[in-house]
Amino acid sequence: MMEKTDLKNLSLPMLEQFLQGQGKERYRATQLFKWLYQQDARTFGEMTNISKTLRAELERTAVISNLEVEAVEVGGDGTRKYLFRLDDGNAVESVLIPDEDHNTLCISSQAGCAMACAFCLTGTFRLTRNLTTAEIVNQIMAVRRDAEVRNIVLMGMGEPLHNLDNVIPALQIMLDGNGLQISNRRLTVSTCGLVPEIERLGREVTVNLAVSLNATTDELRDRIMPVNKRYPIAVLLAALKRFPLPGKRKITIEYVLLGGLNDTPEDARRLVRLLSDIPCKINLIPFNPHEGADFKPPTRAAIDSFHKYLLDRNFTVITRSSRGDDISAACGQLKGRLEPRPVVTIGS
C-alpha cells in the first residue's frame with residue numbers, strides 16, 4: 001500500500017510540487033495551506049472551497065497529522081508546560097512563557113539531544129530521533145488552541161541545527177504569509193554552536209539567532225559543551241560575525257551562570273573582549289539545579305556583579321529570572337518526571 005504524505009511536512013513550494021505531481025493547479029496549494037494553518041483544519045472534509053473530487057483524492061494520498069497534549073502543568077507565574085506523545089511513543093515538550101504583552105513558546109526539534117552539554121537536563125536523554133517538520137509545527141498548532149502565541153523560540157528539547165532538513169521547512173511554514181504568519185522578528189533559533197549549520201541557516205531563512213556560549217575559555221567550554229572540541233570559541237565567533245542580520249538586529253548570546261565556574265570577574269572581562277565586535281545582546285541565565293548535574297547556582301552577588309560589568313560596557317543584558325520553577329519548566333524536566341532515564345555522568 002502506498003504510504004500517504006503528511007501535508008504538514010511540506011512547505012508551500014513543496015506542497016505545490018506534490019499537487020502538480022498529481023496534475024493539480026498550483027493555487028490549490030495555497031488554499032490547502034490556509035486551511036491547515038489559518039483554519040486549523042484537521043480533516044479534508046472541512047475544506048469547503050476545495051472540490052469533492054480533490055478532497056477524495058487527497059484522502060487516498062495524504063494525511064493531516066496532529067499532536068494531542070498528553071499533560072499540561074501550569075506554574076504560579078503563568079508558565080505552561082505541555083507534554084506531547086508522538087506516534088512512536090517518544091515524548092517531547094513545549095513551554096509557553098507569559099510576558100506582559102506577549103507569550104513566548106519554546107518548542108522542541110528532537111526527541112532527546114546528542115550534544116551532551118553537561119549542565120542540560122535534555123542532554124541526559126541522549127538523542128532518540130529527529131522530529132519531523134510536521135511534529136515541529138504541530139506543537140505550535142496544539143498550543144495555539146489553548147493560548148495566544150506571539151513569539152517562537154526553537155530552544156526546547158534537542159539541537160535545532162542538528163535537524164536542519166526538517167527545521168528549515170518548519171521555519172518556512174511559520175514565516176509563510178499563507179501559513180502560520182509569524183514575523184521573522186518573532187522567530188528565534190537557538191544553537192550550541194554548530195558552525196556549518198549556522199551558515200546554512202543564515203543562507204536559507206531569515207530568523208533571529210541565539211547561541212549558547214556559557215564559557216569564555218576553550219578549556220572550560222570543552223568540559224561543559226563537547227561541541228566546542230569541533231568548533232572552538234574563535235571559530236564560532238567568526239561564524240557569528242558572518243551571520244546575516246536584517247536591519248539593526250542582534251544575535252542573542254545565552255550564558256548560563258554556573259556558580260564558581262564561569263561567573264567570576266575574569267570571565268566577565270573575557271566575555272566583553274570576545275563579544276566586543278559582534279552585534280549582540282546577552283542573556284544571563286542563573287543555573288537551575290536539577291537531578292544529575294553537579295553544578296551550583298551562582299550567588300546573587302555574583303549575578304549582580306557580572307550583569308553590572310557588562311551593562312557598564314554598553315552591552316544590552318538581561319538576567320533571565322527562572323520561570324516555572326514550581327512546574328519543572330526547564331527543558332526535559334516534565335518528561336524526566338514522567339519517564340525514567342539512564343543516569344549519565346559528566347564526561348561519559
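Residues numbered from 1 in each chain as written. Predicted model: local features only at pLDDT ≥ 70, side-chain atom pairs only at ≥ 80, totals over all residues. Heavy atoms only, no water.

Condition: UniProt positions are given in the numbering used here, feature names are shortened, and annotations may be inferred rather than shown by experiment.
Named according to an unreviewed UniProt entry, the protein chain is Probable dual-specificity RNA methyltransferase RlmN originating from Trichlorobacter ammonificans. According to its UniProt record, the protein chain has this under Subcellular location (unreviewed entry): "Cytoplasm". Within the UniProt record for the protein chain, the comment given under Sequence similarities (unreviewed entry) is "Belongs to the radical SAM superfamily. RlmN family."

### Some remarks on the overall build of the protein chain
Keep this limit in mind: Strands are runs of DSSP state E lasting at least two residues, helices are runs of H or I lasting at least four, and both sets are numbered from the N terminus onward. Atoms counted for the radius of gyration: C-alpha only. Globule rule: 2.2 Å times residue count to the power 0.38. Exposure categories follow from relative accessible area, calculated using a 1.4 Å probe and restricted to protein chains: below 20% of the type maximum is buried, above 50% is exposed, and the middle band is partly exposed. Contact between two residues is taken to exist if any of their heavy atoms lie within 4.5 Å; hydrogens are not considered. What sets the accessible areas is the Shrake-Rupley method with a 1.4 Å probe; for residues, cover comes only from the shown protein chains. Only four residue types enter the charge count, namely Lys and Arg as positive and Asp and Glu as negative; His and the chain termini do not. For this purpose, a charge sits on NZ of Lys, CZ of Arg, CG of Asp or CD of Glu.
Within the protein chain, the regular secondary structure consists of eleven helices and 14 strands. For the protein chain, the C-alpha radius of gyration of 21 Å lies close to 20 Å, the compact-globule estimate for 348 residues. Structurally, the protein chain occupies a C-alpha span of about 70 × 45 × 40 Å along its principal axes. Here the protein chain holds 348 residues, and 54% of them are scored as buried. Residue pairs at least 24 apart in sequence account for 66% of intrachain contacts in the protein chain once pairs closer than 6 positions are excluded. Accessible surface, the protein chain: about 15500 Å² in total, of which carbon and sulfur atoms supply 50%. Distance between charge centres in the protein chain, computed from 44 positive and 42 negative side chains, equals 4 Å.

### A short note on the packing of aromatic side chains
Definition in use: Classification of ring pairs rests on two measures: the distance between centres of Phe, Tyr or Trp rings, Trp counted by its six-membered ring, which must be within 6.5 Å, and the angle between planes, read as stacked under 30 degrees, edge-to-face over 60 and tilted in between. The criterion for a charge sitting over a ring is simple: Lys NZ or Arg CZ within 6 Å of the ring centre, and within 35 degrees of the ring normal.
Applying the stated criterion to the full structure yields four aromatic pairs. When the centroid spacing of 4.9 Å and the interplanar angle of 70 degrees are considered together, the rings of Phe33 and Tyr37 count as edge-to-face. In this pair, Phe33 and Tyr37 are both assigned in helix α2 (residues 27–37), four residues apart and thus about one turn of the helix distant. Sitting over the ring of Tyr309, Arg313 keeps its end group 3.6 Å from the ring centre.

### Considerations on the sheet that holds strand β12 (residues 251–257)
To keep it simple, the criterion reads: Strands were regarded as paired on the criterion that DSSP finds at least two bridges between them. Axis definition: a line fit to C-alpha positions, over the contact stretch in the case of helices; interaxial angles, taken between N-to-C directions, run 0 to 180 degrees.
Taken in spatial order, the ten strands make up an open sheet running β3-β4-β5-β6-β9-β10-β11-β12-β13-β14, and their pairing is mixed. With one partner strand each, in any of the chains shown, β3 (69–74) and β14 (316–319) form the two edges of the open sheet. Between one strand and the next, the sheet's axes are offset by a mean angle of 20 degrees, whatever the strand orientation. Here strand β6 (residues 103–107) pairs with strand β9 (residues 151–154) via four bridges, running parallel. When the sheet's bridge partners are listed, Cys106 is paired in β9 with Val153.

### Comments concerning the UniProt feature "active site" (unreviewed entry) in the protein chain
Quick note on the threshold: Between N or O atoms, a polar contact is any pair within 3.5 Å; within protein, one atom must be a potential hydrogen donor and the other a potential acceptor, and residues adjacent in sequence are included only when both atoms are from side chains.
Mapped onto the present numbering, the UniProt feature "active site" (unreviewed entry) falls at Glu93 and Cys331. With respect to the helices and strands, Glu93 occurs in strand β5 (residues 91–98). Note on Glu93: relative accessible area 2%, which makes it buried. Here the side chain of Glu93 touches Lys81 through a polar contact of 3.0 Å, side chain to side chain.

### Some words on a nonpolar patch on the surface
Operational definition: Candidates for patches are residues over 30% relative accessible area with no salt bridge; among them, like charges are joined within 9 Å and nonpolar side chains (Val, Leu, Ile, Met, Phe, Trp, Tyr) within 5 Å. A pair is scored as a salt bridge if a Lys or Arg side-chain nitrogen falls within 4 Å of a carboxyl oxygen belonging to Asp or Glu.
A cluster of nonpolar residues, Val69, Val72 and Val74, forms a patch on the protein surface that exposes about 200 Å² of accessible area. Within the element layout of this structure, Val72 appears in strand β3. For Val72, a relative accessible area of 39% gives the class partly exposed.

### Concerning the side chain of Asn283
Of note, Asn283 is situated in strand β13 (residues 280–286). What Asn283 contacts, discounting residues up to four positions off in sequence, is Thr252, Ile253, Glu254, Tyr255, Ile318 and Arg320.

### Remarks on the packing of helix α9 (residues 265–275) against helix α10 (residues 300–312)
Selection criterion: An angle below 35 degrees is read as roughly parallel, one above 145 as roughly antiparallel, one from 65 to 115 as roughly perpendicular, and any other as oblique. Two helices cross in a left-handed way if the nearer one is turned anticlockwise from the farther one by less than a right angle. They cross in a right-handed way if the turn is clockwise. Asp, Glu, Lys and Arg are counted as charged, while Ala, Val, Leu, Ile, Met, Phe, Trp, Tyr, Cys and Pro are counted as nonpolar; the rest, among them Gly, fall into the polar class.
Running from N to C, α9 and α10 cross one another at 30 degrees; their axes reach a closest spacing of 10 Å. Looking at the two axes, α9 sits roughly parallel to α10. As α9 runs across α10, the sense of the crossing is right-handed. Contacts between α9 and α10 involve Asp267, Ala268, Arg269, Leu271 and Val272 from the former and Phe306, Tyr309 and Leu310 from the latter. For the contact of α9 with α10, a count of residues per class yields six nonpolar, no polar and two charged.

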